[in-house]
Amino acid sequence: MNIPQHVAIILDGNGRWAKSKGMPRSYGHAQGAKNLEKICRDAWNIGIKYLTVYLFSTENWKRSKDEVDSLMKLFRSYTKTCMKTARDNNMKVRVIGDPAAFDTDLQESLKELERSSAGNTGLNFQIALNYGSRDEITRAVRAIARESVAGLLNADEITEECVSDHLDTAGIPDPDLLIRTSGEERLSNYLLWQLAYTEFYFCDVPWPAFKKKDLLAAIEDYNDRDRRYGGRKES
Ligand code: IPE
Ligand code: IPE
Ligand code: MG
């Protein structure tokens, strides 16, 4: 089987999954975070080298205060758990998105998580927190404009590569496969630039119930695809 080098996941359906069990949405998020730990290990064992997951979007601040508060609490504990998992499993963690909107203590823990795992050589694990593609591209354009005004970059040097290098994902290969769980079929402002030639896979399983077998099913489906990059396929 051809294993995609980079898998991106929009882990969706925590709330609906909890509701179906008569539980509060916060329970769904907590179980979703636990599941993520497992899927990280499974992904590495399968042979995936890069895993990028969407944990909180720039639009998710619009949820109720209660839900946002419980998510922030969860991110605090998840960051600690992830520090341990990164150490035990040799995972290199990188945060994409703009953490500036988070409380200082959470920002510090996230930096520490990146710092402490920077030398690891196992799974490259990207977590998207306060991430939105439009925000990411806007910040990149701003950074490029600043360099240009400072005389470091002229207009002709602003190539696709230059734009990529100013995104939060600089240096990370584009995803080969995108998975969205829980039946929704939209991108919700995720990796719009990076997904230009990615294969998409949508499944009905809600994120907390998504298991290794579901990941394998996505990879099998990916294997049946006839990947193209604009060129006509030679037969
Ligand atoms: C995904 O689950 C997790 C986050 C967006 C934080 P949802 O919270 O979106 O769950 P549903 O889609 O409402 O079921
Ligand atoms: C996308 O899921 C964001 C994350 C998974 C973090 P949402 O559930 O927030 O997206 P919409 O609102 O259904 O588009
Ligand atoms: Mg959702």
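That block above? That's the structure.
Just so you know, these numbers come straight off a predicted model, no measurement behind them.

What counts, and at which threshold
- Residues numbered from 1 in each chain as written.
- Chains lettered and ligands numbered in written order.
- Predicted model: local features only at pLDDT ≥ 70, side-chain atom pairs only at ≥ 80, totals over all residues.
- Heavy atoms only, no water.
- Near = heavy atom within 4 Å.
- Polar contact = N/O pair within 3.5 Å; in protein donor to acceptor, adjacent residues only side chain to side chain.
- Helix = DSSP H or I, 4+ residues; strand = E, 2+ residues; numbered from the N terminus.
- Nonpolar A, V, L, I, M, F, W, Y, C, P; charged D, E, K, R; others polar.
- Buried < 20%, exposed > 50% of the residue type's maximum accessible area, 1.4 Å probe, protein only.
- Pairing = 2+ DSSP bridges.
- Salt bridge = Lys/Arg side-chain N within 4 Å of Asp/Glu carboxyl O.
- Patch = residues over 30% accessible without salt bridge, like charges linked within 9 Å, V, L, I, M, F, W, Y side chains within 5 Å.
- Areas by Shrake-Rupley, 256 points an atom, 1.4 Å probe, with all protein chains shown as cover.
- Lys, Arg positive; Asp, Glu negative; His and termini not counted.
- Charge placed at Lys NZ, Arg CZ, Asp CG, Glu CD.
- Contact = heavy atoms within 4.5 Å.
- Core = buried A, V, L, I, M, F, W, Y, C linked by side-chain atoms within 4.5 Å.
- Axes fitted to C-alpha atoms, helices over the stretch in contact; angles between N-to-C directions.

J.: Can you break down the site of ligand 1 residue by residue, with the values?
T.: Looking at ligand 1, the residues that line it are L11, D12, G13, N14, G15, R16, R25, H29, L55, N60, R63 and E67. Here R16 contributes a backbone N or O atom positioned 2.7 Å from an oxygen atom of ligand 1. One of the side-chain nitrogen or oxygen atoms of R63 is found 2.7 Å away from an oxygen atom of ligand 1. Elements with a minimum of two residues in the shell around ligand 1: helix 1 (14-20) and helix 2 (25-46). Sorting elements by how many residues they give to the shell around ligand 1 places helix 1 first, with 3 residues. Its residues placed into classes, the shell around ligand 1 shows 2 nonpolar, 5 polar and 5 charged.

J.: Hey, could you go over the pairing of strand 1 (residues 6-10) for me, with residue numbers and the actual values?
T.: With 5 of 5 residues buried, strand 1 lies mostly within the body of the structure. On strand 1, burial covers both faces: H6, A8 and I10 on one face and V7 and I9 on the other are all buried. Summarising the sheet, strand 1 and strand 2 (residues 50-57) pair through 5 bridges and their orientation is parallel. Looking across to strand 2, one finds that A8 is bridged to T52. Direction of pairing for strand 1 relative to strand 5 (residues 177-180): parallel, over a ladder of 4 bridges. Residue pairing in the sheet places I9 in a bridge with I179 of strand 5.

J.: Now, about the pattern of salt bridges: what can you tell me, with residues and values included?
T.: Evaluation of the coordinates by the stated rule reveals 19 salt bridges. E67 serves as the salt-bridge partner of R25, at 2.9 Å between the closest nitrogen and oxygen. Of this pair, R25 sits in helix 2 while E67 is found in helix 3 (residues 65-89), placing the two residues 42 residues apart along the sequence. Residue classification places R25 among the partly exposed positions, given a relative accessible area of 38%. Here E67 falls in the buried class, since its relative accessible area comes to 10%. Salt bridges sharing common partners tie together D12, R16, R180, E184 and R186.

J.: Mind laying out a positive patch on the surface, listing which residues take part and the relevant values?
T.: A surface patch of positive charge is lined by K34, K38, R41 and K211. Turning to its location among the elements, R41 is positioned in helix 2. Its relative accessible area of 38% is what places R41 among the partly exposed residues.

J.: Give a detailed account of the site of ligand 2, specifying residues and quantitative values.
T.: Near ligand 2 the following residues occur: I10, L11, D12, Y54, L55, F56, S57, N60, R63, R180, R186 and S188. In this structure, an oxygen atom belonging to ligand 2 sits 3.0 Å away from a side-chain N or O atom of R63. One of the side-chain N or O atoms of R186 is found 2.7 Å from an oxygen atom in ligand 2. In terms of residues, the shell around ligand 2 owes the most to one element, strand 2, which gives 4 residues. Classifying every residue of the shell around ligand 2 by side-chain character gives 5 nonpolar, 3 polar and 4 charged.

J.: Pulling in residues and values, what's your account of the side chain of Q126?
T.: Positionally, Q126 belongs in strand 4 (residues 124-131). Polar side-chain contacts of Q126 include one of 3.5 Å to the backbone oxygen of N124. Setting aside residues up to four positions removed in sequence, Q126 forms contacts with H6, Y50, L51, T52, V53, R94 and I172.

J.: Before we move on, can you summarise the nonpolar core with the specific residues and values?
T.: One finds F125 and I127 to be the most contacted residues of the largest nonpolar core, which totals 43 residues. Sort the elements by how many residues they give to this core and helix 3 lands first, with 8 residues. Excluding its chain neighbours within four sequence positions, the residues that come into contact with F125 are L36, C40, L51, V53, Y78, C82, M91, K92, V93 and R94.

J.: Describe the sheet that holds strand 3 (residues 92-96), and please don't skip the residues or the numbers.
T.: Spatially, the 6 strands line up as an open sheet ordered 3-4-2-1-5-6, and their pairing is parallel. Two strands bound the open sheet, and with one partner strand each, they are strand 3 and strand 6 (199-202). Across this sheet, the average inter-strand angle for adjacent strands is 20°, counted without regard to direction. Here strand 5 runs beside strand 6; their pairing, made up of 4 bridges, is parallel. When the bridges of strand 6 are listed, R180 appears paired with F202. On the sheet, helix 2 packs against strand 1, strand 2 and strand 4 and is oriented at approximately 160° with respect to strand 2. With respect to the sheet, helix 7 (residues 212-223) is in contact with strand 5 and strand 6, its orientation differing from that of strand 5 by roughly 135°.

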